[in-house]
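Fold and geometry: a report
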Amino acid sequence: DMQGVEVIANAVSALLHKDYIRQTSVGYNFLIKLLVCSLFCCLVYRFSFRVAMVLMCPAVACLIWAIHYMFVHYSLWFELVNPLGSLIIAVVLVAGLEALWVRSTLFRFVPSDVAKNILEGNTGADTDTIEQEVTVVFCDIRNFTAISELLPSKTVELLLQQYLTAGEQVARELGSELDKFVGDEMMVYFDDRNKRLRGKRNKYESHAHRAVRWACAMQNAAAEIDKTGIAGAIGFRVGCGMSSGVVRLGLFGARQRKQHTVIGDAVNTASR
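Heads up: these notes are all about the structure in this document. What you are looking at is a predicted structure, and each value in this text was computed from that prediction instead of being measured. (Residues numbered from 1 in each chain as written. Predicted model: local features only at pLDDT ≥ 70, side-chain atom pairs only at ≥ 80, totals over all residues. Heavy atoms only, no water.)

1. A short note on the packing of aromatic side chains
One pass over the structure, following the stated rule, counts four aromatic pairs. For the ring pair Trp65 and Tyr69, a centre distance of 5.4 Å and an interplane angle of 25° mean the geometry is stacked. With Trp65 and Tyr69 both in helix α3 (residues 49–74), this residue pair falls four residues apart, about one helical turn. Of the residues examined, Trp65 reaches a relative accessible area of 58% and is grouped as exposed. (Phe/Tyr/Trp six-rings, centres within 6.5 Å; stacked < 30°, edge-to-face > 60°. Helix = DSSP H or I, 4+ residues; strand = E, 2+ residues; numbered from the N terminus. Buried < 20%, exposed > 50% of the residue type's maximum accessible area, 1.4 Å probe, protein only.)

Written as structure tokens, this is what we have:
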């Protein structure tokens, strides 16, 4: 408790000796926020989101200590809430962007059903595989050995890109996706989970019918690629084999690494 005269005397003394709490300018506070957020983004870019979160803990602790030290010893008041609030916003935004990147990458490298199960956490050993009736189709390039030997590798890459792109587009239009491709061989399977055709409301086809349509579409695509003349005198042709039957569908592999595929007699028959 102080009397009014003492309050005024302390205020006058603080003004005369410049011993009062000084607040930093808006520019300094903005610079601190910029440095904190930039440091976090750089750590995420250089390492990963999880490592960046761990490394930011001592950085934030050092920032709090420095602000406290400047306040106690120099009566200089830096904003603390704004930089930490900006850092929290940056964390939320970066986490959201990373989640979108992981999701898009996952859907690019594995089938959609597998990606959804992984994102939902449904990857237990008891749900890895199911029994399903499907039609399996294999497609490969005829005389691919000769094509690889006679044509430049860049040309072979271009051929494979056009060939695989056509297979993927047609498969998606018919309610499926490429299961895998090895060199010049593609494998795709059709089941009754997605009977509805893309862009055609209430139109359904059996998995065997859609498999035949995909194989015919690949023949047409090969003819179009051949017309470009990229394959030269060898020409560009494909062959397809298919078989319907009950298979085991899902994730197969070792404990630490699994791959989505189908196994069964229908798969072997289609491959032959």
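So much for the structure itself; the text now carries on.
2. A few points about the packing of helix α7 (residues 153–173) against helix α8 (residues 207–227)
A packed helix pair is summarised by two numbers, namely the angle formed by the two axes and the spacing between the axes. Running from amino to carboxyl end, α7 crosses α8 at an angle of 150°, the nearest separation of the two axes being 10 Å. Between α7 and α8, the angle falls in the class roughly antiparallel. For the pair α7 and α8, the crossing hand works out as right-handed. On α8, the residues that touch Leu159, Gln162, Tyr163, Ala166, Gly167, Val170 and Ala171 of α7 are Trp214, Ala217, Met218, Ala221 and Ile225. Residues of the contact of α7 with α8, tallied by class, amount to 10 nonpolar, two polar and no charged. (Axes fitted to C-alpha atoms, helices over the stretch in contact; angles between N-to-C directions. Parallel < 35°, antiparallel > 145°, perpendicular 65-115°, else oblique. Left-handed = near helix turned anticlockwise from the far one by under 90°. Contact = heavy atoms within 4.5 Å. Nonpolar A, V, L, I, M, F, W, Y, C, P; charged D, E, K, R; others polar.)

3. Here we look at the pattern of salt bridges
Tallied over the entire structure, the rule returns seven salt bridges. Two residues, Arg142 and Asp140, come together in a salt bridge whose shortest N-O distance is 3.1 Å. The exposure class of Asp140 is partly exposed, given its relative accessible area of 24%. With a shortest N-O distance of 2.6 Å, Asp179 and Lys180 are connected by a salt bridge. Taking relative accessible area as the criterion, Asp179 reaches 9% and is therefore assigned buried. A cluster of three or more residues bridged by salt bridges with shared partners is formed by Glu168, Arg172 and Glu177. (Salt bridge = Lys/Arg side-chain N within 4 Å of Asp/Glu carboxyl O.)

4. Points about the nonpolar core
Ranked by internal contacts, the top residues of the largest apolar core, which has 26 residues, are Ile141, Tyr163, Met186, Trp214 and Phe236. Secondary structure elements with two or more residues in this core: β3 (129–141), α6 (144–150), α7, β5 (185–190) and α8. In contact with Trp214, other than residues within four places in its own chain, are Val137, Cys139, Gly167, Val170, Ala171, Leu174, Leu178, Met186, Val188 and Phe190. Core analysis: the second largest hydrophobic core is formed by 18 residues, Leu43, Met56, Leu63 and Leu76 among them. (Core = buried A, V, L, I, M, F, W, Y, C linked by side-chain atoms within 4.5 Å.)

5. Description of α8
Counted at 1.5 Å a residue, the expected span for α8 with its 21 residues is 30 Å, and the 30 Å between its end C-alpha atoms agrees. The complete set of buried residues in α8 reads His207, Arg210, Ala211, Trp214, Ala215, Met218, Ala221, Ala222 and Ile225. Burial along α8 is one-sided: seen end-on, the buried residues are contained in an arc of 140°. Of the exposed residues in α8, the ones pointing more than 90 degrees away from its buried face are Asn220 and Lys227. Elements in contact with the buried residues of α8: β3, α7, β4 (178–182), β5 and β6 (238–253). Within two residues after α8, Gly229 carries a phi angle of roughly 80°, on the positive side. (Expected span 1.5 Å × (residues − 1). Arc of directions from axis to C-beta.)

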